[in-house]
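One letter stands for each residue in the lines below.
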Amino acid sequence: MDEKSRTGVSPGGIPLPPDLRPGPVVVGVDAAATSGRHLRAAVFLARSLGRPVLLIHVRRRIMPLVEGFVPLQEDMDVTDAAEKEMEAALSADLVAGGDLAGVEWELLSTFGEAATEIIRIADERDAACVVVGKRHAGFAELLHRIASGSVSRAVVASQKFPVMVVP
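Residues numbered from 1 in each chain as written. Predicted model: local features only at pLDDT ≥ 70, side-chain atom pairs only at ≥ 80, totals over all residues. Heavy atoms only, no water.

*Asks:* Give me the lowdown on unusual backbone geometry, citing residues and values where you can.
*Replies:* The phi dihedral of Asp126 is positive, around 55 degrees, even though this residue is not glycine. One can find Asp126 in the loop between helix H4 (114–124) and strand E4 (129–133). (Helix = DSSP H or I, 4+ residues; strand = E, 2+ residues; numbered from the N terminus.)

Printed below as a string of structure tokens:
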């Protein structure tokens, strides 16, 4: 963080709100192809505030749902290796997209329910703002909301920090 952002002035000379948290701009990402608009909004906001971007990728650990099945360590190692490869591929795709050029950023991958994890990490990192995307309407979106609810609504409802929802 540079001197201006510590003194309540953005790098562009605009006064910052006195209650603005000192942390990064947090943005939820699931794939480079679907992170365009809200990722660009987060980068713009981070540059305006003189803050880094913290990209959060949340996924559910794939576990067999067979009663009485205990995964072997070899199964877990394969899963961990596949997850690391997926994280590296996402990171490479995000860099290749060019949206992160010129801004300090970090990709954090975790497991769990997306809204819960985004809120938890944003709170731990004292996020200045959280940026989330809103999925487009359609049958697939309806099924997603029935199964897991709306991430953007849950993050907004947390009321812990400013939230920008980008359609």
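*Asks:* Any chance you could break down the pattern of salt bridges for me, citing the residues and the numbers?
*Replies:* This structure, assessed with the given rule, holds 6 salt bridges. Residue Arg21 is joined to Asp126 by a salt bridge in which the shortest nitrogen-to-oxygen separation is 3.2 Å. Highlighted residues: Arg21 in the loop between helix H1 (3–6) and strand E1 (25–28) and Asp126 in the loop between H4 and E4, separated in sequence by 105 residues. We classify Asp126 as partly exposed; its relative accessible area is 29%. (Salt bridge = Lys/Arg side-chain N within 4 Å of Asp/Glu carboxyl O. Buried < 20%, exposed > 50% of the residue type's maximum accessible area, 1.4 Å probe, protein only.)

*Asks:* Just give me the short version of the side chain of Glu117, but keep the residues and values in it.
*Replies:* Relative to the assigned elements, Glu117 resides in helix H4. If near-sequence neighbours (up to four positions away) are discounted, Glu117 is found in contact with Val58, Thr110, Phe111 and Gly112. (Contact = heavy atoms within 4.5 Å.)

*Asks:* Report on the environment of Lys160, specifying residues and quantitative values.
*Replies:* On the secondary structure map, Lys160 appears in the loop between helix H6 (151–158) and strand E5 (163–166). Exposure remark for Lys160: the relative accessible area of 43% places this residue in the partly exposed category. Lys160 sits 37 residues away from Asp123 along the chain, and the two C-alpha atoms are 7.5 Å apart. Residues in contact with Lys160, not counting those within four places in the same chain, are Arg21, Ile119 and Asp123.

*Asks:* So, the packing of H4 against H6: which residues are in play, and what are the values?
*Replies:* Helix-helix packing is characterised by the crossing angle of the two axes and by the distance between the axes. Remark: H4 packs on H6, axes separated minimally by 8 Å, with the N-to-C direction vectors making an angle of 35 degrees. Crossing angle aside, the handedness with which H4 passes H6 is right-handed. Residue-level contacts link Ala114, Ala115, Ile118 and Ile119 of H4 to Val151, Ala154, Val155 and Ser158 of H6. Of the residues belonging to the contact of H4 with H6, the class tally is 7 nonpolar, 1 polar and no charged. (Axes fitted to C-alpha atoms, helices over the stretch in contact; angles between N-to-C directions. Left-handed = near helix turned anticlockwise from the far one by under 90°. Nonpolar A, V, L, I, M, F, W, Y, C, P; charged D, E, K, R; others polar.)

*Asks:* Requested: an account of the side chain of Ser109, with residues and values cited.
*Replies:* Its location among the elements puts Ser109 in strand E3 (residues 105–111). Apart from residues no more than four positions distant in its own chain, Ser109 is found in contact with His57, Arg59 and Glu87.

*Asks:* Lay out the sheet that holds E4 in plain terms, naming residues and giving numbers.
*Replies:* Strands sit in the order E3-E2-E1-E4-E5 across an open sheet of 5 strands; the sheet is parallel. With one partner strand each, in any of the chains shown, E3 and E5 form the two edges of the open sheet. If you compare each strand with its neighbour and ignore which way they point, the axes differ by 20 degrees on average. Across the sheet, helix H2 (residues 36–49) is in contact with E1, strand E2 (53–59), E4 and E5; its angle to E1 comes to roughly 175 degrees. (Pairing = 2+ DSSP bridges.)

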